[in-house]
Amino acid sequence: MKADPKGVLTGAHFIDGDHACCEGAIAAGCRFVAGYPITPSTEVVERIAERFPLIGGIFIQMEDEIASSIAIQGAVWGGKKAMTVTSGPGFSLMMEHIGYAAMTETPCVFVDVQRAGPSTGLPTQPAQGDMMQARWGSHGDYSIIALSPNSPQECFDLTIKAFNLAERYRVPVMFMMDECVGHMTERVIIPPADQINVFERDFYKGPKEEFLPYHTNGKLIPPMVKAGDGYNIHVTGLTHDERGYPNITVATQEKLIPRLINKIKMNADTIADYREDQVEGADIVVVTYGITSRTAIPAIEQARKEGLKVGHLRLIVVWPFPEKLIREIASEASAFVVPELNQGQIVYEVERCAAGKVPVELVPHVGGTVHNPKDIYNAIMKMKG
Amino acid sequence: MRTEIKIGGFGGQGVILSGYIIGRAASIYDNKFATMIQAFGPEARGSATSSQIIVSPEAIAYPYITSPEIMIVMSQEAYTKFTPELASGGTLITEEELVSTHNLRKDVKHYSIPATRIAEELGKRMVLNIVMMGFTTAVTKLVSVDAMRKAVLASVPKGTEELNTNAFNRGYEYGVKLLEGKIETKELVEA
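From a predicted model like this one, the values you see are computed outputs, not experimental measurements.

### Considering the domain arrangement of chain A
All names here are of chain A.
Logical step 1: Domain assignment breaks chain A into domain 1 (11-195) and domain 2 (274-382).
Logical step 2: The C-alpha centroid of domain 2 is placed 26 Å from the C-alpha centroid of domain 1.
Logical step 3: In this complex, domain 1 contributes 28 residues to the contact, which on the side of domain 2 involves 24 residues.
Logical step 4: In total, about 2,000 Å² of surface goes out of reach between domain 1 and domain 2, with carbon and sulfur atoms giving 57% of it.
Logical step 5: If you sort the residues of domain 1 by the area they bury against domain 2, Gln128, Met132 and Asn150 come out on top, with a joint share of 32%.
Logical step 6: For the interface between domain 1 and domain 2, the tally reads two salt bridges.
Logical step 7: Here Arg314 and Glu154 are joined by a salt bridge, their closest N and O atoms 2.5 Å apart.
Logical step 8: Our count for the contact surface shared by domain 1 and domain 2 stands at 18 residue pairs in polar contact (both at pLDDT 80 or more).
Logical step 9: For the side of domain 1 that touches domain 2, the elements supplying multiple residues, two or more each, are β6 (122-126), α6 (131-136), β7 (145-147), α7 (152-169) and α8 (179-183).
Logical step 10: In terms of residues, the side of domain 1 that touches domain 2 owes the most to one element, α6, which gives four residues.
Logical step 11: Here the side of domain 1 that touches domain 2 is built from residues that sort into 16 nonpolar, six polar and six charged.

Right under this line is the structure:
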């Protein structure tokens with residue numbers, strides 16, 4: 001399906017990542033946002049609050065992040081596309097409801113404009129410290145998808161993608177921005193609505209009396225219905241059967257949980273999104289995501305000028321982690337360099353997939369600003385062997 | 001070639017809007033790339049504010065400025081704080097009556113304009129940043145004057161277009177005359 005032209009601001013804009021994220025959500029068809037404004041994500045909801053009344057959307061400034069993260073799920077079961085927007089401290093508060101969205105298979109988007117932590121940390125400065133939390137922050141076993149934009153243009157494009165993935169896989173999608181990308185202003189091209197692909201929710205079309213909310217018909221993802229359309233539905237975070245009713249048994253748990261994980265795991269190749277720059281034949285491969293994919297470029301270019309074969313693998317979808325790809329590269333290249341605006345998170349995934357075949361060098365950073373490309377360059381030189 | 005620009009002043013002077021105008025002119029109307037990063041203190045008004053803009057014919061990877069070639073300064077605090085960062089051989093642009101250029105670096109080109117006075121003559125002190133933008137366009141040729149005019153119009157509130165266009169033109173003409181040697185840059189040095 002194509003985007004609803006109502007609300008799509010086709011044209012060239014000079015806007016920041018936060019505002020671009022708002023426009024991406026509108027283009028994707030999001031018409032419900034609940035949030036508790038927090039720096040550096042405030043501009044997203046500020047713009048939503050201004051734009052939504054003009055296009056029939058509903059924005060609620062909630063009492064806190066816990067309420068925000070469950071209000072959006074109510075809206076989704078009412079038939080809307082919905083998201084909430086926050087930063088580290090708020091993201092922590094939302095963790096329980098991320099698990100709830102995963103368990104109830106409620107498609108929704110959580111935008112986290114990352115700032116340096118822990119706790120309230122550096123509110124106005126960037127970090128990438130929530131990457132593991134995005135994957136594992138809620139209790140129990142589940143799967144999510146996480147995207148990492150590196151520019152305002154991508155904050156627009158990938159917010160649409162985040163909604164499309166959420167709807168396609170019925171999963172909460174984490175949109176992992178950071179303060180630098182959120183507050184950076186650049187040109188953003190918004191295409192005409194008829195050039196924007198939007199994934200529409202798969203609604204159940206069979207007879208009402210046969211409807212079972214979690215019956216997958218042999219597939220991995222069940223269709224949804226809208227509350228109020230006359231179907232009997234029951235939504236619970238408890239382990240539930242196909243009827244959606246609590247069924248606290250090992251047998252039901254054994255059926256449900258692997259499916260929640262497999263619907264992502266078995267589609268990992270389709271969900272994967274990354275950019276390779278001279279990775280083939282490279283000795284050293286720099287693995288980046290988000291803003292770090294830009295700060296690494298001067299370092300990579302400098303090393304190449306000096307004759308080194310340096311590849312750049314940039315992850316756009318960080319979760320599910322592209323295990324197969326990293327394993328393949330590990331059998332060709334001689335080292336990985338992983339710069340992150342944290343003390344080491346995604347580097348552990350690279351290490352896991354490299355499985356001791358090649359060394360993996362972390363370039364850590366406490367956040368507050370971005371890497372000095374020189375530090376990344378030094379790490380590349382250290383690994384040249 | 002990537003050009004780094006830093007604009008400094010106090011909150012409320014339109015420092016961020018100025019960065020916005022340059023970035024918009026370059027990236028939307030001049031077909032270049034531009035990245036703007038803003039930094040502001042916790043106070044909404046009166047604090048040291050700066051905006052950093054990079055303009056380049058190529059895509060910009062590293063988004064922060066490291067050694068600005070152009071610096072536009074509209075307050076004394078910004079002058080003291082920021083001018084040491086200006087690249088050697090760079091261009092310093094100051095508001096003539098707000099900034100005393102004591103210890104002016106010898107290795108930079110300096111241009112100044114009484115932008116506040118010009119803005120007051122136009123009836124609104126607020127447009128001093130637009131006067132500065134016109135002046136900057138003339139003395140740096142960073143982006144085309146057409147692109148800047150369009151960016152000013154696209155960035156200012158409706159109903160203020162004429163005032164802002166006049167402000168831009170006054171600053172631009174002052175810059176052109178200064179380059180022709182018809183006006184001298186005054187160094188305001190505190191006794």
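### Regarding helix α11 (residues 292-305) of chain A
All names here are of chain A.
Logical step 1: For α11, built from 14 residues, the straight-helix expectation of 20 Å at 1.5 Å per residue is met to within 8% by its first-to-last C-alpha distance of 20 Å.
Logical step 2: At Pro298, α11 is bent by approximately 25°, the largest bend along its length.
Logical step 3: For α11, the complete set of buried residues consists of Thr292, Ser293, Arg294, Thr295, Ala296, Ala299, Ile300 and Ala303.
Logical step 4: One or two residues past the end of α11 sits Gly307, with phi positive at roughly 95°.

### Focus: the pattern of salt bridges
Logical step 1: Tallied over the entire structure, the rule returns 26 salt bridges over all chains.
Logical step 2: One salt bridge in this structure joins Asp269 of chain A and Lys324 of chain A, with 2.9 Å as the shortest N-O distance. One end of the pair, Asp269 of chain A, is in helix α10 (residues 268-271); the other, Lys324 of chain A, is in helix α12 (residues 323-330), with 55 residues separating them in the sequence.
Logical step 3: For Lys324 of chain A, a relative accessible area of 43% puts it in the partly exposed group.
Logical step 4: Linking Glu180 of chain B and Lys182 of chain B is a salt bridge whose minimum nitrogen-to-oxygen distance equals 3.0 Å.
Logical step 5: Residue classification places Lys182 of chain B among the exposed positions, given a relative accessible area of 62%.
Logical step 6: When salt bridges that share partners are traced, they join Glu23, Arg47 and Arg51 of chain A into one network.

### Digging into the interface of chain A and chain B
One frequent convention defines the size of an interface as the accessible area lost when the parts assemble.
Logical step 1: Between chain A and chain B, the residue contacts involve 21 residues of the former and 19 residues of the latter.
Logical step 2: Both faces combined, the contact of chain A with chain B buries some 1,500 Å², and carbon together with sulfur accounts for 59% of it.
Logical step 3: Our enumeration of links across chain A and chain B arrives at zero salt bridges.
Logical step 4: Along the contact surface separating chain A from chain B lie seven residue pairs in polar contact (both at pLDDT 80 or more).
Logical step 5: Listed by contribution, the elements that provide at least two residues to the side of chain A that touches chain B are β1 (11-16), α8, β9 (185-190) and α11 of chain A.

### What to know about the layout of surface pockets
Logical step 1: There is about 910 Å³ of room inside the largest pocket.
Logical step 2: Glu58, Ala59, Ile60, Ala61 and Tyr62 of chain B are, among the 35 residues lining the largest pocket, the residues nearest its centre.
Logical step 3: Among the elements of the structure, α7, β9, α11 and β12 (310-315) of chain A together with β2 (33-40) of chain B are those that each provide at least two residues to the lining of the largest pocket.
Logical step 4: In terms of residues, the lining of the largest pocket owes the most to one element, α11 of chain A, which gives seven residues.

### Some details on a negative patch on the surface
Logical step 1: Taken together, Glu276, Glu280, Glu328 and Glu332 of chain A make up a surface patch of like negative charges.
Logical step 2: Mapped onto the elements of the fold, Glu328 of chain A is located in helix α12.

### Observations regarding the environment of Tyr142 of chain A
Residue and element names in this part refer to chain A.
Logical step 1: Inspection of the secondary structure puts Tyr142 in the loop between α6 and β7.
Logical step 2: By relative accessible area, Tyr142 is classed as buried at 4%.
Logical step 3: With residues near it in sequence (within four places) discarded, Tyr142 still touches Ile98, Ala102, Arg135, Trp136, Gly137 and Ile261.
Logical step 4: Of the polar contacts made by the side chain of Tyr142, one reaches the backbone nitrogen of Gly137; its length is 3.4 Å.

How each quantity is defined
- Residues numbered from 1 in each chain as written.
- Chains lettered and ligands numbered in written order.
- Predicted model: local features only at pLDDT ≥ 70, side-chain atom pairs only at ≥ 80, totals over all residues.
- Heavy atoms only, no water.
- Domains from an automatic or database assignment.
- Contact = heavy atoms within 4.5 Å.
- Buried area = accessible area lost by both parts, 1.4 Å probe.
- Salt bridge = Lys/Arg side-chain N within 4 Å of Asp/Glu carboxyl O.
- Polar contact = N/O pair within 3.5 Å; in protein donor to acceptor, adjacent residues only side chain to side chain.
- Helix = DSSP H or I, 4+ residues; strand = E, 2+ residues; numbered from the N terminus.
- Nonpolar A, V, L, I, M, F, W, Y, C, P; charged D, E, K, R; others polar.
- Expected span 1.5 Å × (residues − 1).
- Bend = angle between axes of the 7 residues up to and from the residue.
- Buried < 20%, exposed > 50% of the residue type's maximum accessible area, 1.4 Å probe, protein only.
- 1 Å grid on protein atoms, 1.4 Å probe; cavity = no way out; pocket = protein on both sides within 12 Å on 5 of 7 lines; lining within 4 Å.
- Points joined across faces, edges and corners; volume = space filled by probe spheres on them.
- Patch = residues over 30% accessible without salt bridge, like charges linked within 9 Å, V, L, I, M, F, W, Y side chains within 5 Å.
- Areas by Shrake-Rupley, 256 points an atom, 1.4 Å probe, with all protein chains shown as cover.
- Lys, Arg positive; Asp, Glu negative; His and termini not counted.
- Charge placed at Lys NZ, Arg CZ, Asp CG, Glu CD.

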